[in-house]
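Structural overview for review
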Amino acid sequence: MAVPPLRGAQAELLRLVESNPGISVSAAAKELYLAGNSVSTLVNQLTAAGLMRRETRSDDRRSARLLPTPEAEARLRAWQERRAAIVREHLELLGEDDRAALAAALPALRRLADSLREEVTAE
């Protein structure tokens, strides 16, 4: 039986939770630039699909920690492997000059990504 694909926002939330296990709904909403109730809806959908667990925090019973399930981790790993294979295939189609230009741009792109990540955490 085929597994239904995740919608964009579901996949983004799942990737965020996998990289930040235990993140709260409010922190996830801030990171994804979404309303808290929108993230709560996504959490409910992913929980019903068996891809996310919600655990009540011991220090604050009103707050929950979000955790990926093993099935979610396997799906994300498979997705990452497929995406990496596609990128590798297309990189091999490029000429040497284009590959060198991309390699030279990587440090600047990493700094840009870091700067954008800092912007999100500062808000």
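One structure accompanies this document, and this report is about it. Please read all numbers here as calculations on a predicted model, not as lab measurements.

**Considerations on the layout of surface pockets**
- Estimates place the volume of the largest pocket at around 200 Å³.
- As for the largest pocket, its lining consists of 10 residues, of which P5, L6, R75, W79 and R82 are closest to the centre.
- For the lining of the largest pocket, the secondary structure elements donating two or more residues are α1 (8-19) and α4 (70-93).
- Ranked by the residues each element gives to the lining of the largest pocket, the list is headed by α4, at five residues.
- Tallied by class, the residues present in the lining of the largest pocket amount to seven nonpolar, no polar and three charged.

**What about the packing of α1 against α4?**
- The N-to-C vectors of α1 and α4 enclose an angle of 105°; their axes lie 11 Å apart at closest approach. The pairing of α1 with α4 is recorded here as roughly perpendicular in orientation. Contacts between α1 and α4 pair L14, R15 and E18 from the former with A72, E73, L76, W79 and Q80 from the latter.
- Of the residues in the contact of α1 with α4, the class split is four nonpolar, one polar and three charged.

**Examining α1**
- The first and last C-alpha atoms of α1 sit 17 Å apart over 12 residues, in line with the 16 Å expected at 1.5 Å per residue.
- If you check which residues of α1 are buried, you get Q10, A11, L13, L14, L16 and V17.

**Looking at a nonpolar patch on the surface**
- A cluster of nonpolar side chains, V87, L91, L94 and L102, forms an exposed patch at the surface whose accessible area comes to about 290 Å².
- Position of L91 relative to the elements: it lies in helix α4.

**Here's the deal with the pattern of salt bridges**
- Per the stated rule, a full pass over the model turns up four salt bridges.
- Here E55 makes a salt bridge to R65, at a shortest N to O gap of 3.6 Å. Of this pair, E55 sits in strand β1 (residues 52-56) while R65 sits in strand β2 (residues 64-68), and the two are 10 residues apart along the sequence.
- Salt bridges linked by common partners bring R53, E55 and R65 together as one network.

Criteria and thresholds
- Every chain's residues receive numbers from 1 upward, in the order its sequence appears when written.
- Side-chain atom pairs in this predicted model are given and counted only at pLDDT of 80 or more, local residue features only at pLDDT of at least 70, and totals for whole chains, interfaces and linings cover all residues.
- To get the side-chain values, take all heavy atoms of the structure and skip hydrogens and water.
- For each structure, a 1 Å grid was placed over the protein atoms alone; sets of points admitting a 1.4 Å probe that cannot get out are labelled cavities, open sets with protein on both sides within 12 Å along at least five of seven lines are labelled pockets, and lining residues have an atom within 4 Å of a point.
- Grid points are joined across faces, edges and corners, and a volume is the space filled by probe spheres set on the points.
- For the purposes of this entry, the term helix denotes a DSSP run of H or I that reaches at least four residues, the term strand denotes a run of E that reaches at least two, and both are numbered from the N terminus.
- All amino acids are sorted into three groups, where Ala, Val, Leu, Ile, Met, Phe, Trp, Tyr, Cys and Pro are nonpolar, Asp, Glu, Lys and Arg are charged, and the leftover types, Gly among them, are polar.
- Every angle, taken between N-to-C directions, lies between 0 and 180 degrees, and every axis is a line fitted to C-alpha atoms, over only the stretch in contact when it is a helix.
- Relative orientations are named as follows: roughly parallel for angles under 35 degrees, roughly antiparallel for angles over 145 degrees, roughly perpendicular for angles from 65 to 115 degrees, and oblique for any other angle.
- Two residues qualify as a contact provided that any one of their heavy atoms is within 4.5 Å of a heavy atom in the partner residue.
- Multiply 1.5 Å by the residue count of a helix minus one, and that product is the helix's expected span.
- Exposed residues in this analysis have more than 50% of their type's maximum accessible area, buried residues have under 20%, and partly exposed residues fall in between, with area computed by a 1.4 Å probe over protein chains only.
- Two distance rules govern patches: like charges are joined within 9 Å, and nonpolar side chains (Val, Leu, Ile, Met, Phe, Trp, Tyr) within 5 Å, applied only to residues with over 30% relative accessible area and no salt bridge.
- Only the protein chains shown count as cover for residues, with accessible areas throughout obtained via the Shrake-Rupley method and a probe of 1.4 Å.
- The working definition used for a salt bridge is a side-chain nitrogen of Lys or Arg within 4 Å of a carboxyl oxygen of Asp or Glu.

Limitation: the analysis is restricted to geometry and does not speak to function.
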